[in-house]
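Working through the structure, step by step
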Amino acid sequence: MADANAAAPAKAAAPKKAKKAGPYKPASKFCPKCGARMAAHADRFACGRCNYTEWKSAGGKGK
Ligand SMILES: [Zn+2]
C-alpha cells in the first residue's frame, strides 16, 4: 500500500481582521418591564419592545 499521507495540506494563512472596536462595549441588559433584550446605546439602554429607556448616567453623578 502506498503512503497516502505524503502530501501535507498547505496551511493557508488567512489574515484575521475581525476587530470589534466599538465606541462602547456591548452590554447585556434586559428590560425590567417586559424582559426583552435591550439595545445598548452610547449613553442609554433602549428596549425595542416596550420602548423602555434606561439612561446609563442614572446615578448621583451630576455633570
Ligand atoms: Zn421592554
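Here the structure is a predicted model, which means the values were calculated and not measured.

**Quick look at the overall build of the chain**
- Along its length, the chain carries 0 helices and 4 strands.
- Tracing the chain from N to C terminus, the helices and strands come up as β-β-β-β.
- Here the chain holds 63 residues, and the buried ones make up 5% of them.
- Looking at the chain alone, contacts between residues at least 24 apart form 0% of all its contacts between residues at least 6 apart.

**Comments concerning the environment of Arg44**
- Relative to the elements of secondary structure, Arg44 occurs in strand E3 (residues 44-47).
- A C-alpha to C-alpha distance of 5.6 Å links Arg44 and Glu54, two positions 10 residues apart in sequence.
- Apart from residues lying up to four places away in sequence, Arg44 is in contact with Thr53, Glu54, Trp55 and Lys56.

**Some words on the pairing of strand E2 (residues 37-40)**
- Sheet topology note: the strand E1 (residues 29-30)/E2 ladder contains 2 bridges and is antiparallel. Residue pairing for E2: Phe30 is matched across the bridge by Arg37.
- Taking the residues between adjacent antiparallel strands as the criterion, E1 and E2 are bridged by 6 residues, where Gly35 takes a positive phi near 85 degrees.
- Where E2 and E3 come together, 3 bridges link them in antiparallel fashion. Each residue of the ladder has a partner; that of Ala39, found in E3, is Ala46.
- Taken together, E2 and the strand that follows it, E3, pair antiparallel across an intervening segment of 3 residues.

**Comments concerning the sheet that holds E3**
- The 4 strands lie next to each other as E1-E2-E3-E4, forming an open sheet whose pairing is antiparallel. Every interior strand has two partners, whereas the edge strands, E1 and strand E4 (53-55), have only one.

**Concerning unusual backbone geometry**
- Phi is positive for Asn51, close to 70 degrees, though the residue is something other than glycine.
- Tracing the backbone shows Asn51 in the loop between E3 and E4.
- Owing to 10 C-beta atoms within 10 Å, Asn51 belongs among the exposed residues under this scheme.

The rules behind these values
Residues numbered from 1 in each chain as written. Predicted model: local features only at pLDDT ≥ 70, side-chain atom pairs only at ≥ 80, totals over all residues. Helix = DSSP H or I, 4+ residues; strand = E, 2+ residues; numbered from the N terminus. Buried ≥ 20, exposed ≤ 12 C-beta atoms within 10 Å, placed from the backbone. Contact = placed C-beta atoms within 7 Å. Pairing = 2+ DSSP bridges.

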